[in-house]
Amino acid sequence: MDYSGTANDGMDENYRSDADAPQDGDARPARQGLARFARPALIAGGVIAVVCVALLVIIFILDSFNATVYSVGGVDVQDATDEAKAIRDNYAGARAGGIVFLVLGVALASAGALVLYRHRNDRAADDAEDGEDVDFEDLGGRA
């Protein structure tokens, strides 16, 4: 048996090459439909969630610092005065925006992960199995 080292010499008319299927960057058949956008959505949602958590932690630290500095004079930040209310509401907009974007980021990452999970074993649209059974000996080149 002469082994030429090539996978296919082009003589088999039923042979389907990988070049026939649409390819993505990793030389795998490209995903179709929503699955094309699932990985970028997962990454973007994760980044948005991490940034929002960091923002909320920083806002919590700043609020704690402002309340501590304000209460050094013997007053409480929970008082009904205008100055205490201004300190409490100092970062209200950033806190609300951080929470909204955190929820959106988690939802986007969850949707991307769900789509990736559901389409993990999908083949490309024109990639059909021809019923040929290939075992280890066939792959190793031994008969």
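Residues numbered from 1 in each chain as written. Predicted model: local features only at pLDDT ≥ 70, side-chain atom pairs only at ≥ 80, totals over all residues. Heavy atoms only, no water.

Participant: Can you lay out the overall build of the protein for me, pointing to particular residues and giving the numbers?
Facilitator: A tally of regular secondary structure across the protein gives 4 helices and 0 strands. Ordered by position from N to C terminus, the α and β elements of the protein give α-α-α-α. Counting the 143 residues in the protein, one finds 15% classified as buried. Considering only residue pairs separated by 6 or more positions, the protein has 65% of its internal contacts joining residues 24 or more positions apart. A total of about 11000 Å² of accessible surface is found on the protein, and carbon and sulfur atoms cover 60% of it. (Helix = DSSP H or I, 4+ residues; strand = E, 2+ residues; numbered from the N terminus. Buried < 20%, exposed > 50% of the residue type's maximum accessible area, 1.4 Å probe, protein only. Contact = heavy atoms within 4.5 Å. Areas by Shrake-Rupley, 256 points an atom, 1.4 Å probe, with all protein chains shown as cover.)

Participant: Run through helix H1 (residues 35-71), naming residues and quoting values.
Facilitator: The first and last C-alpha atoms of H1 sit 54 Å apart over 37 residues, in line with the 54 Å expected at 1.5 Å per residue. Those residues of H1 that fall on the buried side of the exposure criterion are Ala35, Ala38, Ala41, Gly45, Ala49, Cys52, Ile59, Asp63 and Tyr70. (Expected span 1.5 Å × (residues − 1).)

Participant: Go over the pattern of salt bridges with me, naming the residues and quoting the values.
Facilitator: Applying the stated criterion across every chain yields a total of 2 salt bridges. Its salt-bridge partner being Asp63, residue Arg95 comes within 2.2 Å of it at the nearest N-O pair. With Arg95 in helix H3 (residues 92-118) and Asp63 in helix H1, the pair connects residues that are 32 residues apart, well separated along the chain. The class of Asp63 is buried, set by a relative accessible area of 18%. Here Lys85 ties to Asp89 by a salt bridge, and the two come within 2.9 Å at their closest N and O atoms. On the basis of relative accessible area, Lys85 is assigned to the partly exposed category, the value being 44%. (Salt bridge = Lys/Arg side-chain N within 4 Å of Asp/Glu carboxyl O.)

Participant: For the confidence of the model for the protein, give the residues involved together with the corresponding values.
Facilitator: For the protein, per-residue confidence averages 77 on the pLDDT scale, and residues scoring 70 or more make up 70% of the total. Per-element mean pLDDT across the protein ranges from 76 in helix H4 (residues 136-140) up to 94 in H3. (pLDDT = per-residue confidence, 0-100.)

Participant: If you had to explain a nonpolar patch on the surface to someone new, which residues and values would you point to?
Facilitator: A cluster of nonpolar side chains, contributed by Ile48, Val100, Phe101, Leu104 and Leu108, occupies part of the molecular surface with about 440 Å² of accessible area. The topology assignment puts Leu104 in helix H3. (Patch = residues over 30% accessible without salt bridge, like charges linked within 9 Å, V, L, I, M, F, W, Y side chains within 5 Å.)

Participant: So what's going on with the packing of aromatic side chains? Which residues, and what values?
Facilitator: Each aromatic ring pair is characterised by the separation of its centres together with the angle its planes make. Scanning all chains against the criterion turns up 0 aromatic pairs. The ring of Tyr117 has Arg120 lying over it, and the distance from NZ or CZ to the ring centre is 4.1 Å. (Phe/Tyr/Trp six-rings, centres within 6.5 Å; stacked < 30°, edge-to-face > 60°. Lys NZ or Arg CZ within 6 Å of the ring centre and 35° of its normal.)

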